[in-house]
Amino acid sequence: MIRKTLPIPADSAGTSHELTILRFKPDQPQAKIYLQAALHADEQPGMLVLHHLIERLSEAEKDGRLQAEFVVLPMVNPLGMAHLAFGKHRGRYHPLNGLNYNRDWPDLDAMIHQNGADFSDQLTDDPIHNQTIIRQAVKAALADQTPKTALSRLRHMVISEAYDADMVLDLHCSDDALNHIYIVPQLLPEYQDLSDWMQSAATMTAEDSGGGSFDEVWPGLWLKCARRYPDAAWPDLICAATLEYRGEDAVDHATNRKDAEHLFQFLAARGYISGASAELPAVPPTPGAKPTPLTAVEYLRADRPCLVVYHKPLGAHVKTGDVIAELLSLEGDDAFTGKTLLRAGTDGIFFDRSLIKLAWPDHIVAKIAGTTPLVHDDSYLLSD
Ligand SMILES: [Zn+2]
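Just so you know, these numbers come straight off a predicted model, no measurement behind them.

## Structural notes on the overall build of the protein chain
In step 1: Each helix and strand counted, the protein chain has 8 helices and 20 strands in total.
In step 2: In summary, the protein chain has a C-alpha radius of gyration of 22 Å against a globular reference of 21 Å for 384 residues, a match within 12%.
In step 3: Reported as C-alpha extents along the three principal axes, the dimensions of the protein chain are approximately 70 × 55 × 45 Å.
In step 4: In the protein chain, which comprises 384 residues, the share counted as buried stands at 53%.
In step 5: Look at the contacts in the protein chain between residues 6 or more apart in sequence, and 72% of them connect residues 24 or more apart.
In step 6: Summed over all atoms, the accessible surface of the protein chain reaches about 17,200 Å², with 52% contributed by carbon and sulfur.
In step 7: The average position of the 34 basic charges and that of the 53 acidic charges among the side chains of the protein chain differ by 4 Å.

Printed below as a string of structure tokens:
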């Protein structure tokens, strides 16, 4: 394992950040696997999952069993880690401009086709050759950039490491949740095994959720190139996904070690680690959820300042009309006596809820993954 620490000058004078990259590189890797955690810096379960995965990869490396290069960034957002204020750690939004750290990642297809650039006369019927041409163009475009802010420097480092990966896994968590996945629909059912190994309660698909999420960058490049150059041959779409590992407080060795073990087994079953198959069950212990469009996820929101009391537990399979929670009134004539019942507007699994119980107007109290699309304007499908 090679450890690299990259300094990132901060936007404020007299301080700097540090990005740690851990790399496992066998002599003849068949692929490159990129994993990161805590892009939302307040989401720590993924950091401990990757800690345990690093242990397993180190053992496999010693035994000569790695078939792929693994690049692991367990704390990919040192800027967000620095966001300590008034006795709390934040880390979801960049304090300088309010940007959600998992939004507005660049469109690499647009980046390499600026100023009318066109690669058609370099593309052939060889998918690997064409992939190389496009990756070289991304590399050249990155080399032309001169990031100035700490955030743009960090993003440049991250993209420079991930752009030529064959698999990109971005580990997050939610407030208080069961494991779930966001992935582009074109990767299913091929990568249903990822959902199965993760024992995902919901597998939600969108090619473009509207927010420029990190995981959508990588398949997005190849989907757009395939549309732009329909006569050229392309390799199978690279796998990228946002893996949501439970809720913010789900940081403990037993839970995170098990999730790391399942991730390791997924990678081994995919052939990136050899000699581990004897340890593996033929199928994962609990099948993950089948894919459902992100448009079929219901966000149940509070309509006033209130105290939330849940009636249903996470994991409940609910029907339209079921009471998910009650909202206790905190002001006006019915303060502390009146309440509103928050009911499911769809059939599905209740997989995600608020960690804090004090809610405000529009605050998301519950997420239900159904199967019937609920929104017709699919231009922005994320909750913030
Ligand atoms: Zn997140």
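## Here's the deal with the side chain of glutamate 216
In step 1: Structurally, glutamate 216 is set in helix α7 (residues 214-228).
In step 2: Reaching out from glutamate 216, the side chain makes a polar contact with the side chain of serine 209 at a distance of 2.8 Å.
In step 3: Leave out the neighbours within four places in its chain, and glutamate 216 touches Ala206, Glu207, Asp208 and Ser209.

## Here's the deal with the packing of helix α4 (residues 127-144) against α7
Helix-helix packing is characterised by the crossing angle of the two axes and by the distance between the axes.
In step 1: Remark: α4 packs on α7, axes separated minimally by 12 Å, with the N-to-C direction vectors making an angle of 120°. As judged from the angle between their axes, α4 and α7 are oblique. Where α4 crosses over α7, the handedness of that crossing is right-handed. Residues Gln131, Ile134, Arg135 and Val138 of α4 pack against Leu221, Trp222 and Cys225 of α7.

## Side note on the domain arrangement of the protein chain
Note: interface size is frequently given as the accessible area lost on complex formation between the parts.
In step 1: Split by domain assignment, the protein chain resolves into domain 1 (2-289) and domain 2 (294-369).
In step 2: Just the C-alpha atoms count here: the centres of domain 1 and domain 2 sit 32 Å apart.
In step 3: The interface of domain 1 with domain 2 comprises 15 residues on the first partner and 13 residues on the second.
In step 4: A buried area of about 1,100 Å², summed over both sides, lies between domain 1 and domain 2, and 63% of it is on carbon and sulfur atoms.
In step 5: By the criterion of area lost to domain 2, the three top residues of domain 1 are Asp175, Asp176 and Leu178, representing 42% of everything that side buries.
In step 6: Put simply, domain 1 and domain 2 have 1 salt bridge between them.
In step 7: Our count for the contact surface shared by domain 1 and domain 2 stands at 5 residue pairs in polar contact (both at pLDDT 80 or more).
In step 8: Broken down by element, the residue count for the side of domain 1 that touches domain 2 peaks at 3 residues, all from strand β10 (residues 202-205).

## With respect to the packing of helix α1 (residues 45-62) against helix α8 (residues 253-269)
In step 1: Contact pair α1 / α8: the axes reach a minimum separation of 8 Å and the direction vectors enclose 55°. Comparing their axes, α8 and α1 come out oblique. Note that α1 runs across α8; the crossing there is right-handed. The segment α1 lies against α8, with Pro45, Leu48, Val49, His52, Leu53, Arg56, Leu57 and Ala60 engaging His253, Asn256, Arg257, Asp259, Ala260, Glu261, Leu263 and Phe264.
In step 2: Among the residues making up the contact of α1 with α8, the classes are represented as 9 nonpolar, 3 polar and 4 charged.

## What to know about the coordination of the zinc ion
In step 1: Taken together, the protein ligands of the zinc ion are His40 (ND1), Glu43 (OE), Glu43 (OE) and His172 (ND1), with distances of 2.0 to 2.4 Å.
In step 2: If you look at the zinc ion, its 4 donor atoms make angles of 56 to 145° with each other, and the shape they trace is irregular.
In step 3: Within one chain, the residues serving as donors to the zinc ion are arranged as H-x2-E-x128-H. Of this pair, histidine 40 sits in the loop between β3 (32-37) and α1 while histidine 172 sits in strand β7 (residues 167-174), placing them 132 residues apart in sequence. Histidine 172 matches histidine 40 in its accessibility class, with the two residues each being buried.

## Examining the nonpolar core
In step 1: One finds Tyr34, Phe70, Trp218, Leu243 and Leu263 to be the most contacted residues of the largest nonpolar core, which totals 86 residues.
In step 2: Of all hydrophobic cores here, the second largest spans 17 residues; its members include Val318, Ile324, Ala325 and Ala359.

## Considering the sheet that holds strand β17 (residues 339-343)
In step 1: Strand order across the open sheet formed by 4 strands is β17-β16-β14-β19, with antiparallel pairing between neighbours. What marks the edges here is a single partner per strand, and that holds for β17 and β19 (358-359).
In step 2: Where strand β14 (residues 306-310) lies against β19, 2 bridges are found, and the strand directions are antiparallel. When the bridges of β19 are listed, leucine 307 appears paired with leucine 358.

## A closer look at the pairing of strand β9 (residues 180-183)
In step 1: Here β9 shows two buried faces, one formed by His180 and Tyr182 and the other by Ile181 and Ile183.
In step 2: Bridge analysis of β9 against strand β11 (residues 239-247) gives 4 bridges, and the strand direction is antiparallel. When the sheet's bridge partners are listed, isoleucine 183 is paired in β11 with alanine 241.
In step 3: Strand direction decides the pairing type here: β9 and β10, joined by 4 bridges, are parallel. Within β10, the position partnered with histidine 180 by the bridge is alanine 202.
In step 4: Considered for its hand, the β-α-β crossover made up of β9, helix α6 (residues 192-198) and β10 is right-handed.

## Observations concerning α7
In step 1: Over its 15 residues, α7 runs 22 Å from end to end, which matches the ideal 21 Å to within 8%, given 1.5 Å per residue.
In step 2: Maximal helix bending in α7 amounts to about 35°, located at glycine 220.
In step 3: In terms of burial, α7 is largely enclosed, as 11 of its 15 residues are buried.
In step 4: All of the buried residues in α7 are Phe214, Asp215, Glu216, Val217, Trp218, Pro219, Gly220, Leu221, Trp222, Leu223 and Cys225.

Conventions and cut-offs
Residues numbered from 1 in each chain as written. Predicted model: local features only at pLDDT ≥ 70, side-chain atom pairs only at ≥ 80, totals over all residues. Heavy atoms only, no water. Helix = DSSP H or I, 4+ residues; strand = E, 2+ residues; numbered from the N terminus. Rg over C-alpha atoms; globule rule 2.2 N^0.38 Å. Buried < 20%, exposed > 50% of the residue type's maximum accessible area, 1.4 Å probe, protein only. Contact = heavy atoms within 4.5 Å. Areas by Shrake-Rupley, 256 points an atom, 1.4 Å probe, with all protein chains shown as cover. Lys, Arg positive; Asp, Glu negative; His and termini not counted. Charge placed at Lys NZ, Arg CZ, Asp CG, Glu CD. Polar contact = N/O pair within 3.5 Å; in protein donor to acceptor, adjacent residues only side chain to side chain. Axes fitted to C-alpha atoms, helices over the stretch in contact; angles between N-to-C directions. Parallel < 35°, antiparallel > 145°, perpendicular 65-115°, else oblique. Left-handed = near helix turned anticlockwise from the far one by under 90°. Domains from an automatic or database assignment. Buried area = accessible area lost by both parts, 1.4 Å probe. Salt bridge = Lys/Arg side-chain N within 4 Å of Asp/Glu carboxyl O. Nonpolar A, V, L, I, M, F, W, Y, C, P; charged D, E, K, R; others polar. Donors = N, O, S within 2.8 Å, 3.2 Å for Na, K, Ca; no water. Tetrahedral: all angles 85-135°; square planar, octahedral: opposite > 155°, others 65-115°. Core = buried A, V, L, I, M, F, W, Y, C linked by side-chain atoms within 4.5 Å. Pairing = 2+ DSSP bridges. Right-handed = clockwise from strand over helix to strand, strands pointing away. Expected span 1.5 Å × (residues − 1). Bend = angle between axes of the 7 residues up to and from the residue.

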